[in-house]
Amino acid sequence: MDYKTLMTGEDSVSVLRPALLATNVHLIAKLAAKIPCKACDNGFLSSEVVFRVFVEKLFMTGDGKQTEPQDKLPLSSCIELLGQLLKLWRSALNEASSAEVTGSSEEGHQSIAMEMALEHLRSVHTAALKRPQECSEVYAVCSKMVASGLRLDVVGTVLDVTHKVQPHTMSVLSLVQEALSHALEELRHTDSEPQDALCKIETVISSVRQHEQESGRLVSSGQVLAIIRPHCSDSSHTVDTRRALLHIIEKHLTLSEDDLNLLILYQTQAILLNQFAVEATLEHVSSAQGRSALFTTLLRQASTLDQLQVLECLLETWGEDSRFPVQESWCELMEAMSSVAEGATGVILARAGRSHVPEEVDEAIWHKLSSGSVVDGLKYSLVTGGVVMKKSLEQLQQESSVPIMSADVFELLIVKKQVSLVVSLPFYIQLSAHLQLPQEDISTELFTKVLSCSASELSERLSLNQPAKRVREVAQQLFDGGFKAAAGSLVLSTQQFHPNTLTVSDDLQISAVGLVLPLNLKEAVGSPQQRTERPPDVLVPNWSLSRSAAFDLKVIHPLNSNFLLGASMTSGHTAELGEKDKHSKNDIPCTERGWVCVPLVVEVFGGWGNEAQEALSRVAKKLAIRTSRFWPEVLASMYCHLGITLMHQNARALLGRRSTSESKSIIV
């Protein structure tokens, strides 16, 4: 008791209420006249107030030390008596108010207390009437909680709380077992959707697994497996249903060795359904000898591509197992696919997902594919690499006609970084068009296996929506392989490189690459230790009588004091002198190498030498044929590109000299 608050008189009744007992109420009533109370009339408590507060407390909470009477009235009788008492009390108050008798405020408090007591009894009586229905409501709520995957410890807490109000025999284990039983029963009906029932089962099993991981003891995985395991071998369920059940168990719980063999058996039966006459048994899949014998029998019976693809699914289902020689079976399957009509796509897909295949197997499969289609042979060689890749390129070089390559071939070349190996092949010119077109027809299944990624990640890995990035990647491969001119031509043809950044020599290389494909200049001329002179700017093979042309660029100024007199009298005089100078220096070294020296001399103001004009005209004619354009149009375009590049380089040179002279004047 808070004596300090009691003696202040602020709320004496509230302070006294908890301390009032049957043993001390009379003593406190005698001392009430000395306890201050600001709410009372005379400023102090009275014994009547103390007894009234005690009776209210006794009525509402009871006295813990007193025993319940043996003969107690029914709850309905108590409500009826208290209601009649309240009516009499209110009538007495009304008579007192009509007679204008002033009463204390305590009478109003007593009326309110009686009304509260009556409402309390009525609520208790209503709850008592509802108690027989509580168990069914609790069962329905908790069953929904378990079926929706709510935490099982939360369900257990709800059951504990409701048990205190109304005892019941429900438990988390019984709710889980009943939820699984209902879902498993749904699987037996043909008119129900199996996927819905399977989702319910997986939800319940997932919550059980989470409960076990959190060290819960309300239900265990063993108790769940005891319910589901009989249905996994029940023939009344379809093979797909039994396999789905085992997959759910494997995903969330730990399967025993017998359950794993059972799962593999059901998967094997589902795959072979309606395709082969052989019926798979548990002996076929539980041992290495059984699997090997079953696969050999099925492979002998397979006569169509569909059946071979079924065997491919079977090997993928069995997976990597040290007890079963799966690698040998894959090789046998791919060889069989390569012999079947339209089996090229299947064998390429099968090979894309395999590694460590013997070279002799790859070579035998490649021979079968390339004999039917050069494109299929190249695609298979790109997937495998190694010796088969070299043989495929040699075969393409000997082809008289240019094959139309598929988008998969070009994408494989880019992914495998082998673009530089096909620069000299006739179909290389198709690469530029491939990079600029949207690639919607590539084999998603093939490239997900090659790149080991999902279908959603494939577009980002291949940069299918970023053509500029794809062009840069391919150009970088060409540049790293030594084909700088081909890289520049690819970038310029796709408009990914501004002409302002090119030099005249680069522009000449880009023009020449359309005529014939450039060679690696470092390999053609030799290493720096093997040569002392500068190599040509562009080396074009098969220029004249199977001899390569060494294009050597020279920019000359006609206002030079040595050329000024002749340039003022004869047009092109300076360019002619430049050509003679190039011949005097390069004819002998070029002849030793079997080349033809072709000097490309251009004056600063844009005039080209005679030999340069003849060479550029010849290049333009070849480009016009290949691009299906008019020769004058192509020639004008070449001169335009070269002229603009020349002007840019002149301006850059002048600005460089100006900045150098200004810096020297500042130092002085």
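Further up the page is the structure itself.
Reference entry: report on the structure contained in this document. Everything quoted here is computed from the prediction, not taken from an experiment.

**Focus: the environment of E212**
Consideration 1: Looking at the secondary structure, you find E212 in helix α9 (residues 194-213).
Consideration 2: Those residues in contact with E212, other than ones at most four positions away along the chain, are V219, S220 and S221.

**Here's the deal with the side chain of S548**
Consideration 1: With respect to the element layout, S548 can be found in strand β2 (residues 547-556).
Consideration 2: With a relative accessible area of 12%, S548 lands in the buried category.
Consideration 3: Residues within four places of S548 in sequence aside, it is in contact with L539, V540, P541, N542, W543, G594, W595 and V596.

**Quick notes on the side chain of Q307**
Consideration 1: Looking at the element boundaries, Q307 is found in helix α15 (residues 305-318).
Consideration 2: For Q307, a relative accessible area of 14% gives the class buried.

**So, the sheet that holds β2**
Two pairing modes exist for strands in a sheet, parallel and antiparallel, and in both the strands are linked by backbone hydrogen bonds.
Consideration 1: A sheet is described by the order of its strands in space; here three strands give the open sequence β1-β2-β3, paired in mixed fashion. Looking along the sheet, the strands with just one partner apiece sit at the ends: β1 (538-544) and β3 (595-603). Going from strand to strand, the sheet's axes swing by 35° on average, the running direction of each strand aside.
Consideration 2: Here β2 runs beside β3; their pairing, made up of nine bridges, is parallel. Bridged to L553 within β3 is L600.
Consideration 3: Against the sheet, helix α30 (residues 573-593) engages β2 and β3, with an angle of about 160° to β3.
Consideration 4: Contacting β1, β2 and β3, helix α31 (residues 610-627) crosses the sheet at an angle of about 110° to β3.

**Quick notes on the packing of aromatic side chains**
Consideration 1: If you walk through the whole model with that rule in mind, you get two aromatic pairs.
Consideration 2: A ring pair is formed by W543 and F551, whose centres lie 5.1 Å apart and whose planes are at 85°; its orientation type is edge-to-face. One exposure class covers both W543 and F551, and it is buried.
Consideration 3: Seen from the ring of W631, K621 lies directly overhead, with NZ or CZ sitting 5.4 Å from the centre.

**Quick notes on the nonpolar core**
Consideration 1: Core analysis: the biggest nonpolar cluster contains 113 residues, and I228, L311 and L478 have the highest contact counts within it.
Consideration 2: Looking at which element gives the most residues to this core, the answer is helix α8 (residues 172-188), with eight residues.
Consideration 3: In this structure, L478 is in contact with V419, S420, V423, Y428, F483, K484, A486, A487 and L490, ignoring residues within four places of it in sequence.
Consideration 4: If you look at the next biggest cluster of nonpolar residues, it comprises 22 residues, including F551, V602, A620 and M638.

**Concerning the pairing of β1**
Consideration 1: Within β1, five of the seven residues are buried, which leaves the element mostly enclosed by the surrounding structure.
Consideration 2: Where β1 meets β2, four bridges bridge the pair, whose relative direction is antiparallel. The partner of V540 across the bridge, within β2, is A549.
Consideration 3: In this structure, the hairpin formed by β1 and β2 is closed by a connection of two residues, where L545 is found at a positive phi of approximately 55°.

**What to know about the pattern of salt bridges**
Consideration 1: Taken as a whole and judged by the stated rule, the model has eleven salt bridges.
Consideration 2: Measuring nitrogen to oxygen at the nearest pair gives 2.1 Å for the salt bridge that ties K391 to E363. With a gap of 28 residues between them, K391 in helix α20 (residues 387-397) and E363 in helix α18 (residues 359-372) connect regions that are remote in the sequence.
Consideration 3: K391 gets classed as partly exposed once you look at its relative accessible area, which sits at 28%.
Consideration 4: Measuring nitrogen to oxygen at the nearest pair gives 3.0 Å for the salt bridge that ties D581 to K554. Of this pair, D581 sits in helix α30 while K554 sits in strand β2, placing them 27 residues apart in sequence.
Consideration 5: Given the relative accessible area of 23%, K554 is considered partly exposed.
Consideration 6: Shared partners join several salt bridges into a network, and the residues in it are R151, D153 and E214.

Criteria and cut-off values
Residues numbered from 1 in each chain as written. Predicted model: local features only at pLDDT ≥ 70, side-chain atom pairs only at ≥ 80, totals over all residues. Heavy atoms only, no water. Helix = DSSP H or I, 4+ residues; strand = E, 2+ residues; numbered from the N terminus. Contact = heavy atoms within 4.5 Å. Buried < 20%, exposed > 50% of the residue type's maximum accessible area, 1.4 Å probe, protein only. Pairing = 2+ DSSP bridges. Axes fitted to C-alpha atoms, helices over the stretch in contact; angles between N-to-C directions. Phe/Tyr/Trp six-rings, centres within 6.5 Å; stacked < 30°, edge-to-face > 60°. Lys NZ or Arg CZ within 6 Å of the ring centre and 35° of its normal. Core = buried A, V, L, I, M, F, W, Y, C linked by side-chain atoms within 4.5 Å. Salt bridge = Lys/Arg side-chain N within 4 Å of Asp/Glu carboxyl O.

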